[in-house]
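Reading the structure
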Amino acid sequence: MHRDDQPVHLSTALSPERVAEINEVIDRITRWARGREDIVGLLLVGSCARNAARPDSDIDVVLLTTDESRYLREDGWAVELGLGELIRTQPWGPITERRYSTASGLEVELGIGSPTWAKTNPVDHGTRRVVTDGARVLHDPAGILADLLAAC
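So, here is what we can say about the structure in this document. (Residues numbered from 1 in each chain as written. Predicted model: local features only at pLDDT ≥ 70, side-chain atom pairs only at ≥ 80, totals over all residues. Heavy atoms only, no water.)

**Focus on the pattern of salt bridges**
Formally: Within this document, salt bridges are pairs made up of a side-chain nitrogen of Lys or Arg and a carboxyl oxygen of Asp or Glu, the two lying within 4 Å of each other.
Under the definition given, this model contains twelve salt bridges. Each member of the salt-bridge network shares a partner with another, and the members are Asp-58, Arg-88, Glu-97, Arg-99, Glu-107 and Glu-109.

**Examining the pairing of strand β2 (residues 59-65)**
Note on strand geometry: in a regular strand, side chains alternate between the two faces of the sheet. Heads up, the rule is: For the exposure calls, accessible area comes from a 1.4 Å probe over protein chains only, and a residue counts as buried if that area is under 20% of its type's maximum, exposed if over 50%, partly exposed in between. Runs of H or I in DSSP of at least four residues are treated as helices and runs of E of at least two as strands, each being numbered from the N terminus. A pair of strands is considered paired only if DSSP assigns at least 2 bridges between the two.
Of all seven residues making up β2, seven are buried, and the element is well covered by its neighbours. Residues of β2 alternate between two faces, with Ile-59, Val-61, Leu-63 and Thr-65 on one and Asp-60, Val-62 and Leu-64 on the opposite face, all of them buried. Bridging between strand β1 (residues 39-45) and β2 involves six bridges; their strand directions are antiparallel. Within β2, the residue paired with Ile-39 across the bridge is Thr-65.

**Things to note about unusual backbone geometry**
Cis geometry is found at the peptide bond from Asn-121 to Pro-122, where omega equals 0°. Positionally, Pro-122 belongs in the loop between β5 (107-113) and α4 (125-132). With phi around 60°, Asn-51 is a residue other than glycine that occupies positive phi space. With respect to the helices and strands, Asn-51 occurs in the loop between β1 and β2. With relative accessibility at 28%, the residue Asn-51 sits in the partly exposed group.

**Quick notes on the packing of aromatic side chains**
Inclusion rule: Aromatic pairing here means that ring centres of Phe, Tyr or Trp (its six-membered ring) are within 6.5 Å. Orientation follows from the plane angle: under 30 degrees is stacked, over 60 is edge-to-face, and everything else is tilted.
One pass over the full model with this rule turns up four aromatic pairs. Ring geometry for Trp-77 against Tyr-100: centres 6.0 Å apart, planes inclined by 80°, an arrangement best described as edge-to-face. Separated by 23 residues along the polypeptide, Trp-77 in helix α3 (residues 76-81) and Tyr-100 in strand β4 (residues 95-101) bring together distant segments of the chain. Clustering of aromatic rings is evident, with ring pairs tying together Trp-32, Tyr-71, Trp-77 and Tyr-100.

**Looking at the state of the cysteines**
Formally: Any two cysteine sulfur atoms within 2.5 Å of one another count as a disulfide.
Counted by the stated rule, this structure contains zero disulfides. Not engaged in a disulfide, the cysteine Cys-48 finds its nearest cysteine sulfur in Cys-152; these two sulfurs lie 20 Å apart. A relative accessible area of 1% means that Cys-48 is categorised as buried.

**A closer look at the sheet that holds strand β6 (residues 135-139)**
In plain terms, the rule: Only the stretch in contact is used when a helix axis is fitted, and all axes are lines through C-alpha atoms; the angle between N-to-C directions ranges over 0 to 180 degrees. Contacts: residue pairs with any heavy atoms within 4.5 Å of one another.
Pairing is mixed in the open sheet, where six strands are placed in the order β3-β4-β5-β2-β1-β6. If you trace the sheet from one side to the other, it starts and ends with β3 (85-92) and β6, each paired once. Each strand axis lies, on average, 25° off the axis of its neighbour in the sheet, ignoring direction. Contacting β1, β2 and β6, helix α5 (residues 144-151) crosses the sheet at an angle of about 45° to β1.

**Remarks on α5**
How we decide: As used here, the arc belongs to the directions running from the helix axis to the C-beta atoms.
Burial in α5 covers these residues: Leu-145, Leu-148 and Leu-149. Taken around the axis of α5, the buried residues stretch over an arc of 95°, which confines them to a single face.

**Looking at the side chain of Asp-140**
Basically, it comes down to this: A residue counts as positive if it is Lys or Arg and as negative if it is Asp or Glu; His and the chain ends are not included. Here a polar contact is taken to be a pair of N or O atoms separated by no more than 3.5 Å, where protein atoms must pair a possible hydrogen donor with a possible acceptor and residues adjacent in sequence count only if both atoms sit in side chains.
Take Asp-140: it is sitting in the loop between β6 and α5. Notably, Asp-140 is buried but unbridged: the nearest opposite-charge side chain belongs to Arg-34, and the N-O separation is 11 Å. For Asp-140, the side chain forms a polar contact with the main-chain nitrogen of Ile-144, separated by 3.0 Å. Of note is the side chain of Asp-140, whose polar atom sits 2.9 Å from the backbone nitrogen of Leu-145. With residues near it in sequence (within four places) discarded, Asp-140 still touches Val-40, Leu-145 and Ala-146.

Here is the structure:
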């Protein structure tokens, strides 16, 4: 597990500009989440969390909130974050994917779900797969993501 205040160290296959862009987007989302009481967890997953991003990789973030419908029915928050154009909304069990494309073509996938996604007794099979494929805690005020990572 990575510390939540450290930059992501990405693959040398990426240009320095792409690394800077990815880190800037992750930092922007993290700062924004820390200012919202309804966001109880933010978890970087996938290739960026594994430090294995390629030029065609996206940024994958799980956003756990006590107000899912707000992020699924409104786009003001995504505009505020500068995520770009919404290109897809798709449910994946307890998580709903909202995929955006920035002006540079970098895709940002936010998987929006409730805190129950991180339950540990037992850990859901799909949740375990996401976490064990690479996960870095970005925001975890109550420690639910730390508990989840420890359980996986």
